[in-house]
Amino acid sequence: MTRSESTDGTALVVIDMINTYDHEDAELLLPAAEQVVPVLADLIGRARDADVPVIYANDNFGLWRSHHGELVEAALSRPHAALVEPIRPDDDSLFVVKARHSIFYDTPMSYLLWQLGVGTVVLAGQVTEQCVLYSALDAHIRHLEVTVPKDAVASIHPHLADAALEMMERNMGARIVLAKEVDFRGTRRPVPEGTPCQPGGRP
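Quantities reported herein were computed from a predicted structural model and do not represent experimental measurements.

Draft legend 1. Highlighting the packing of aromatic side chains. Evaluated as defined, the whole model comprises two aromatic pairs. Ring plane angle 10° and centroid distance 6.2 Å describe the contact between Tyr56 and Phe95, whose orientation is recorded as stacked. Of this pair, Tyr56 sits in strand S2 (residues 54-59) while Phe95 sits in strand S3 (residues 94-98), and the two are 39 residues apart along the sequence. Both rings, one in Tyr111 and one in Trp114, keep their centres 5.5 Å apart while their planes meet at 25°; by these two values the pair is stacked. One end of the pair is Tyr111 and the other is Trp114, both in helix H3 (residues 109-116) and three residues apart, which spans about a single turn.

See below:
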């Protein structure tokens, strides 16, 4: 992958939505996920139409030998496949496998965003009070602008989700909006220049 000199690009990051929903607290999460999926499907579609990168950041669920294709196949073979099918990655989607809460922890996410010239991340998915919150903090300390569409994130505990959204807004400067207010039309996919081993690339 080559690198863009610009950092004014936007990426949509879909967190932990490729999910089998057979984990602890899944029953509490499912009602919120069911509400979020149609909103998120529309958001993903609009990002794709605007040629904005869509990055899936997903837990490996402890399956260290799994790649993203196997994670998608596993989720689609389980009883809650209807929550995955409308938002499944397409051939242009990017995929980062993570093992902890933050999309940045021991993953290549920072480097990927840098190469894409992304300065703003739109965080969607689950869980609001866990992975979305910690990812927003890690994005903030990396000097990225953060937008969180509050109707495109799912929670286990609504009262904690409300507190998490307030923390993201007050402490991290995140824009908390409705999904319909996210306007991808003014953004663009940066044109990369150089590679990490060429002039203009990061050593």
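This is not the end of the story, as more comes after the structure.
Draft legend 2. A look at the nonpolar core. One finds Leu12, Val14, Tyr21, Leu40, Leu43, Ile44 and Phe184 to be the most contacted residues of the largest nonpolar core, which totals 35 residues. Among the elements of the structure, strand S1 (9-15), helix H1 (26-49), S2, helix H2 (68-76) and strand S4 (118-126) are those that each provide at least two residues to this core. Ile15, Ala139, Val153 and Ala174 belong to the second-largest nonpolar core, a separate cluster that totals 30 residues.

Draft legend 3. Inspection of the pairing of strand S5 (residues 145-149) at higher detail. Buried residues dominate S5, accounting for four of its five residues. Since S4 and S5 lie parallel, the crossover through helix H4 (residues 128-141) that links them has a hand, and here it is right-handed. Pairing between S5 and strand S7 (residues 175-177): three bridges, direction parallel. Along S7, the bridge assignment pairs Pro149 with Val177.

Draft legend 4. How the structure looks around helix H5 (residues 158-172). For H5, with 15 residues, the first-to-last C-alpha span of 20 Å sits near the 21 Å given by 1.5 Å per residue. Buried residues of H5: Ala161, Ala164, Leu165, Met168 and Met172, and no others. On an axial view of H5, the arc spanned by its buried residues comes to 100°, and they lie on one face. Relative to its buried face, H5 has exposed residues pointing more than 90 degrees away, namely His159, Asp162, Arg170 and Asn171. Considering only its buried residues, H5 is in contact with H4, S5 and S7.

About the thresholds
Residues numbered from 1 in each chain as written. Predicted model: local features only at pLDDT ≥ 70, side-chain atom pairs only at ≥ 80, totals over all residues. Heavy atoms only, no water. Phe/Tyr/Trp six-rings, centres within 6.5 Å; stacked < 30°, edge-to-face > 60°. Helix = DSSP H or I, 4+ residues; strand = E, 2+ residues; numbered from the N terminus. Core = buried A, V, L, I, M, F, W, Y, C linked by side-chain atoms within 4.5 Å. Buried < 20%, exposed > 50% of the residue type's maximum accessible area, 1.4 Å probe, protein only. Right-handed = clockwise from strand over helix to strand, strands pointing away. Pairing = 2+ DSSP bridges. Expected span 1.5 Å × (residues − 1). Arc of directions from axis to C-beta. Contact = heavy atoms within 4.5 Å.

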